[in-house]
Amino acid sequence: MPGVDLTIEICGMSGDGTIAAGTLLNEALSGAGFSIIGFDSYPAEIRGFGRCVTRSRFGTSRMLALSDHTHVLISLDDQQAISRISMLGKNAKVLFDNKPAGTVQEGMSIAAHTAPDADLYGMPFTDLASEAAGTTRGKNLAALGCFTGLAGIDPRFFYTVIEKKFRAKGETVLNANLNSFNAGLTYAHTHFEDAPLVITAPAPEKKKVQRIMLSGNAAIARGALDAGLALYFGYPITPATPIMEYLAKTLPQKGGKVVQMEDEISSIGAVLGSFYAGKRAMTATSGPGLALMAEMISLGVMSETPAVIVDAQRGGPSTGLPTKTEQSDLHAAVFGGPGDSPRIVIAPTDVAECYQFTLKSFELAEKYQTPVIVLTDFFLDNRVENVAAADISGKKRVDGNIYPPKKEQGRYQRYLVTPSGISPRALPGSEGYIYPATGLEHTEAGLPDYSEPVHMQMNAKRHTKIRQALADLPPPKEFSQKGPLDLGVIAWGSSFGAALEAVLKARKKGLAVGALKVISLFPYHEEQIRQFMSRCRRVLIPELNFQGQLANLIGHLHHGDVVRFNRTTGTPLLPSEILLKIQELLQKDNT
Amino acid sequence: MREDHFIVIGNGPAGSQAAFTLKEKAPEARVTIVTKEREGCCHSHLLPGFLAGSISEKKVFAISLDHYTKSGIKLRTGQSVVDVNPQRKEILLEHKETISYSGLIIAVGGRPYIPEPLLAYREHLCTLKTFQDTGTWRQLLPAADSILIMGGDLTSLAVTKSLLALKKKIYFMLTGEAFWPLRFDKALQEEVSGKLTKRGVTVLAGNKLVGIEPVRSGSCRVYVDGQKIKVDMIGAFFGLVPDIGFLRRSGLQLDRGVLVDEYLCSSHEGICAAGDCAQIYHPEIKDYWVSIGTKNARSLGKIAAVNLAGGRKKTRVDRERIFDIQGVKVNTSWWMEF
Ligand SMILES: Cc1cc2nc3c(=O)[nH]c(=O)nc-3n(C[C@H](O)[C@H](O)[C@H](O)COP(=O)(O)OP(=O)(O)OC[C@H]3O[C@@H](n4cnc5c(N)ncnc54)[C@H](O)[C@@H]3O)c2cc1C
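What counts and what doesn't
- Residues numbered from 1 in each chain as written.
- Chains lettered and ligands numbered in written order.
- Predicted model: local features only at pLDDT ≥ 70, side-chain atom pairs only at ≥ 80, totals over all residues.
- Heavy atoms only, no water.
- Contact = heavy atoms within 4.5 Å.
- Buried area = accessible area lost by both parts, 1.4 Å probe.
- Salt bridge = Lys/Arg side-chain N within 4 Å of Asp/Glu carboxyl O.
- Polar contact = N/O pair within 3.5 Å; in protein donor to acceptor, adjacent residues only side chain to side chain.
- Helix = DSSP H or I, 4+ residues; strand = E, 2+ residues; numbered from the N terminus.
- Buried < 20%, exposed > 50% of the residue type's maximum accessible area, 1.4 Å probe, protein only.
- Domains from an automatic or database assignment.

Peer 1: Looking at this structure, I do not really get the interface of chain A and chain B. What am I missing?
Peer 2: It is common to give the size of an interface as the accessible area lost on bringing the parts into contact. Taken together, the 24 residues of chain A in the interface contact 17 residues of chain B. Taken over both partners, the interface formed by chain A and chain B buries close to 1,600 Å², and the fraction arising from carbon and sulfur atoms is 45%. Contact with chain B buries area across many residues of chain A, yet Glu106, Pro116 and Leu120 of chain A alone supply 38% of it, more than any other trio. In this structure, aspartate 119 of chain A engages arginine 38 of chain B in a salt bridge whose closest nitrogen and oxygen atoms are separated by 3.2 Å. Where chain A touches chain B, the interface holds twelve residue pairs in polar contact (both at pLDDT 80 or more).

See below:
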């Protein structure tokens, strides 16, 4: 039986319950055992007045990226959904409300715009909801019911999630939603008997894996909570704000505090202050906020104070494209700020890694006494995946602090030069361990000193320390066969999934191609990357920025050709375009 | 000046031909086809061969969907017209969208006719008109050893031929309407009956159906007069009736089909009809006739389009090919050797 790999879009006007329907759909399909990657989008302006789209790719094997095309489009508002038609693949199914309040003129219905090969299913979503529940509000549920009926999916998966979502709102609301759903289901069963879109759920997993539907942002917040976050300081900015919202609800229950600061500078200042005082703290921002933080981050570098900063990238420069995805802060994250200020920059590639590496970043920040930037982007932050519960919870927090030994009491040198570059860090208020901490260059005791040898020595110390961190940082992960490769694809962050899918498809076509996932962007594992590159005739680095920022960073490690594949359209990279590039490059090689 | 917008309802041989001709005669005009079929132009006459496996799906849909797009024709599939308003020059689609036209061709063909007494057994009767219908046949055929063909219009003979090729046991019930739309007479009945029997078909001539009783999924016990036969499938072929129910409120002159003159123009300006759904006036016989068959449909579609685009072309039909069936004059171009 061929595996399922389908993409469903729900599109409506805000107020239609589009996002709620998408969430229920994802949860239900997850319950049915599918792997899911979902991505919602909404316009930059005011959320209350725009088009809402939820996009879910689900299948029987692990979903790594979004797909090129939509196979099923559910329109809750034709005027909005018409714009999604360009996404439809061949023979796509389009479900739409065929009983609008009055007649509409030519072109106002989605049916006027679909290609002849599209399969239209007109169903009276609004009427069904209103008859079943006395309100049209449940039209999104009626639409889900219609879809479930057409697809022949067991409705119990939906009952479970509807129940979970609405139970707390009381019996009346729950029943209204269940009734709307059932009305849609019955309609589809009676009008389209031979379920035209049979979606067969995968066989149940042998060992039942509990899965949780989670966004990248939620995973980051959970990672921080499990790391024992005490304080969150932030200033709202898309796409980082949901982290603050999540923590505002959860952190106080754990005894922590969320403080909305007046800007990003004060946010990072407060984070440094907290860590300085021995409390784990975090801030999350986007490109414009990271730029404001640059000076303070370098203070963290100079004063060797830990900090955890999430940079949720969006289109830039400046205010840029607030609701579009891009990977163009890599240079700013790695090099941004005055002076030689090395810091750790780590980029998760999926939702589970958002959790794991945020958690890890606290330990790294403490151990290496440095700001750690967790670099994500709009697509990774807002996408949802049904991750195994074991991958995103219950991980033990590790205290990374190295405290000075007792013997140093009274003669404590905070910035003592050691082979590793790490000097034990005392917390303020410890008797006999008092030291000045400053942004000025300083001696081992912390006293300001601008002399040549001191600056040379301290620069070296700070860089040595960061290089040492490689041992604790996740190494690059290779996905390929042994031996020489015609092409190696190296990718990072949210684009890695698309790159891996492209490589797996290329390999199925018999091409000698491999993929390398780079997680730690600074410091990076030069040796492993070099080794991988040395086996590749050519290297391709696809990324969502104009310059090829990862290529700029690591391209010099390869003796051969490094091909950049850059796009700045604000939308995630797709496996198909990377695959096309791979084929194009290898074809050129053969001619 | 507002651009012309020609709408063709139906994408069978008549409708598709009409649309392509319109685009040819009036290249500047918008041409839209609205069809309730989900697929492209289905050549129904190839469906029996498709069931037998001798005709490919690609051949059944001889015109590719791309060809419409490339020709500048907007094809709306899976959309039904539920009303026509000649005063406002508008059609209304089932999903409540109205479209204005400057010229309209109705080419909705026919739908399978089931005689009133048999409606009670509808769920056991398989018809074959659209490509979707083949789904049921293809689902049931592999497990069906014996099949009863009822009614017996021209299509039933083609279907029987295909089923014999699949080595099925066929029972054939020749009734009074057996040769619709051909003239029914004893000589013809005997001729066909003889040919069928020679091919191994069990002919139940002149018998009357008493009842149908499902046995297990798909199989039925059929009571015909005194006898009882067990079959795995029943095909019903009682001819096609013009599918014009949606025009009842339009004010257009209707009888069995849409009444049109020899130029295929209806009682209302700017509206023509073509193909199986048109009932055409024939000045020589001073009566209306219905045309059946793919070739007829195509040529009528072309004539309707030429005339709607400002031409003046008459339909032509040989007198001797017109048959009188239940008071309706029928022309068929496809009576084939069985
Ligand atoms: C099984 C079978 C075998 C046949 N064998 C032969 C043969 O061998 N030789 C031969 O010449 N003829 C044969 N015929 C007859 C031939 O197929 C028809 O005469 C021919 O298809 C008529 O063409 P048409 O365009 O008028 O109508 P149709 O082919 O019936 O097309 C009508 C179109 O109108 C659309 N439509 C209907 N109502 C609406 C509505 N309200 N809104 C929108 N769209 C609508 C339908 O979806 C369809 O697309 C056979 C027919 C059948 C069923």
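After presenting the structure, the write-up continues.
Peer 1: What should I look at first to understand the pattern of salt bridges in this one?
Peer 2: One side chain can pair with another of opposite charge once the charged atoms of both are near each other. All names here are of chain A. This structure, assessed with the given rule, holds 37 salt bridges over all chains. Two residues, arginine 280 and glutamate 366, come together in a salt bridge whose shortest N-O distance is 2.7 Å. Separated by 86 residues along the polypeptide, arginine 280 in the loop between helix 9 (264-276) and strand 11 (281-285) and glutamate 366 in helix 12 (residues 351-368) bring together distant segments of the chain. Each member of the pair, arginine 280 together with glutamate 366, is buried. Salt bridges sharing partners connect three or more residues here, namely Asp5, Arg57, Glu501 and Lys505.

Peer 1: Is there a simple way to explain the domain arrangement of chain A in this structure?
Peer 2: Residues and elements named next belong to chain A. Under the domain assignment, chain A is made up of domain 1 (5-191), domain 2 (213-392) and domain 3 (477-589). Each of domain 1 and domain 2 was reduced to a C-alpha centroid, and the two centroids are 34 Å apart. The interface is formed by 14 residues belonging to domain 1 together with ten residues belonging to domain 2. Of the roughly 1,100 Å² buried between domain 1 and domain 2 on both sides combined, carbon and sulfur atoms contribute 58%. Applying the counting criterion to the domain 1 and domain 2 interface returns two salt bridges. Of the charged contacts, one joins aspartate 350 and arginine 62 as a salt bridge, the two residues approaching to 3.1 Å between their closest N and O atoms. Taken together, the links from domain 1 to domain 2 amount to five residue pairs in polar contact (both at pLDDT 80 or more). Elements with a contribution of two residues or more to the side of domain 1 that touches domain 2: helix 1 (18-31) and strand 2 (35-41).

Peer 1: Which parts of the structure should I look at to understand the side chain of aspartate 119 of chain A?
Peer 2: As for its placement among the helices and strands, aspartate 119 of chain A is situated in strand 7 (residues 119-123). One polar contact links aspartate 119 of chain A to lysine 93 of chain A, side chain to side chain, over a distance of 3.0 Å. Filtering out sequence-adjacent residues up to four positions away, aspartate 119 of chain A remains in contact with Ala92, Lys93 and Val94 of chain A together with Arg38 of chain B.

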